[in-house]
Amino acid sequence: MIKVFDGHCDTISRCYRYGTSLRKNEGHLDLERMHRGNFAQFFATFASAKHVDKPIYQVFLGQFETFQRQMAENADWVVHCRTAQQAEEAWKAGKTAAFLSVEGAELLDCDIEKLEDAYQKGVRAVNLTWNHVNALSGTNVDQPEKGLTPQGKAFAARMQELGMLVDVSHLSDPGFWDVIELAKKPIFASHSNSRAICGHTRNLTDEMFTALIKNGGVTGFNMGSDFVGEDPGIDTIIAHIEHWLSLGGEQNISLGGDWDGVGSMPKGITGIQDLEKLAERLLQMNYSEALVEALFYRNLMRVVGKVCTA
């Protein structure tokens, strides 16, 4: 199977909640299906502040401990990586490259000192928001007219200084443009599709995607049916890709399946193992192997290489 670098899954939070194993489980993603070395994956820590019974930062710490434990228990198959070079070394050793992210900066109390500590723990990407407004910005569903606050701008700027990917998935439209204005390095929409193809506000407009191209960043394709379109299948996924390619996005499309974070997925897709079907379909449609490789791992690897340098 072609190498894969996927930008977003909620599998670690699922392991935390249900006590399941990263090695093998009944969710969308596990190490057994990741072919023990053909994959790099961003694993998100995630929780909704409205659905936890303890301070949300404590949930982040608990999920970080879960991540560490899974890395240790499965060290023969996976290794925690912080840079693109480390991911390449993991692949050479036949292991999956695991990157750590935070979905919603409220897990860090929107606090720069906790952000810096998360960086030391190996976190290399942070969504500024999830669905609920926080101290940094509005979201695509909660106060969508609100952009980055002064605190949000300082937080995003510090992320870039540290060498962390600023993740704009879930962010409000004004928040996206605020990030673009301050960004000095490539940014990341870890799991967002094309709003021109599917009108959900979680997706990117053509103007946003064009700005992402100019920024040198990437957006990862989300497999959630709500973000793909009506009665979606593999060809519906490809419609998003072809639209982005028509805008000149050959170097700016990646994968971000939202594995274990969505309910329904397009027909023919039940988990990360089915990415092979998407690759095969693209090749059948006369996409070059080089372009498929770019979409499946090279584009995100390039961005990680430019931003996450240590």
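Everything below is about the structure printed above this text.
All values derive from a computational prediction rather than experimental measurement.

Participant: Run through the nonpolar core, naming residues and quoting values.
Facilitator: Side chains of nonpolar character tend, in soluble globular proteins, to be buried together. With 79 residues, the main nonpolar core has Val126, Leu128, Leu275 and Phe296 as its most contacted residues. Aside from chain neighbours lying at most four places away, what touches Leu275 is Met1, Val4, Phe39, Met223, Leu255, Trp259 and Phe296.

Participant: I'd like a rundown of the pairing of strand β4 (residues 96-103), residues and numbers included.
Facilitator: Across the eight residues of β4, eight count as buried, placing the element largely inside the fold. Of the two faces of β4, the one lined by Thr96, Ala98, Leu100 and Val102 and the one lined by Ala97, Phe99, Ser101 and Glu103 are each fully buried. Bridging between strand β3 (residues 78-80) and β4 involves three bridges; their strand directions are parallel. Within β4, the residue paired with Val78 across the bridge is Thr96. Tracing the backbone out of β3, into helix α3 (residues 84-92) and back to the parallel element β4 gives a crossover that is right-handed. In the sheet, β4 pairs with strand β5 (residues 123-127) via four bridges, with the strands oriented parallel. Opposite Leu100, over in β5, you have Val123 as the bridge partner. In terms of handedness, the path from β4 via helix α4 (residues 112-120) over to β5 forms a crossover that is right-handed.

Participant: Hey, could you go over the pattern of salt bridges for me, with residue numbers and the actual values?
Facilitator: Opposite charge on two side chains permits them to pair, given that their charged atoms come into close proximity. Scanning all chains against the criterion turns up 13 salt bridges. A salt bridge links Glu293 to Arg298, with the shortest nitrogen-to-oxygen separation between them at 3.3 Å. For Glu293, a relative accessible area of 24% corresponds to the partly exposed category. By relative accessible area, Arg298 is classed as partly exposed at 43%. Salt bridges here are not isolated pairs; linked through shared partners, they connect Glu116, Arg158 and Glu161.

Participant: Give a description of the packing of aromatic side chains that names residues and reports values.
Facilitator: Taken as a whole, this structure holds eleven aromatic pairs when the rule is applied. On the basis of an interplanar angle of 35° and a centroid distance of 5.1 Å, the ring pair of Phe42 and Phe99 is categorised as tilted. With Phe42 in strand β2 (residues 39-46) and Phe99 in strand β4, this residue pair connects regions lying 57 residues apart in the sequence. The exposure class assigned to Phe42 is buried, which follows from its relative accessible area of 0%. Residue Phe99 is classed as buried on the basis of its relative accessible area, which comes to 0%. When the ring of Phe46 is compared with that of Trp130, the centres are 4.8 Å apart and the planes differ by 65°; the resulting orientation is edge-to-face. With Phe46 in strand β2 and Trp130 in the loop between β5 and α5 (150-162), the pair connects residues that are 84 residues apart, well separated along the chain. We note that Phe46, like Trp130, is buried. Clustering of aromatic rings is evident, with ring pairs tying together Phe5, Phe42, Phe99 and Phe188.

Rules behind the numbers
Residues numbered from 1 in each chain as written. Predicted model: local features only at pLDDT ≥ 70, side-chain atom pairs only at ≥ 80, totals over all residues. Heavy atoms only, no water. Core = buried A, V, L, I, M, F, W, Y, C linked by side-chain atoms within 4.5 Å. Buried < 20%, exposed > 50% of the residue type's maximum accessible area, 1.4 Å probe, protein only. Contact = heavy atoms within 4.5 Å. Helix = DSSP H or I, 4+ residues; strand = E, 2+ residues; numbered from the N terminus. Pairing = 2+ DSSP bridges. Right-handed = clockwise from strand over helix to strand, strands pointing away. Salt bridge = Lys/Arg side-chain N within 4 Å of Asp/Glu carboxyl O. Phe/Tyr/Trp six-rings, centres within 6.5 Å; stacked < 30°, edge-to-face > 60°.

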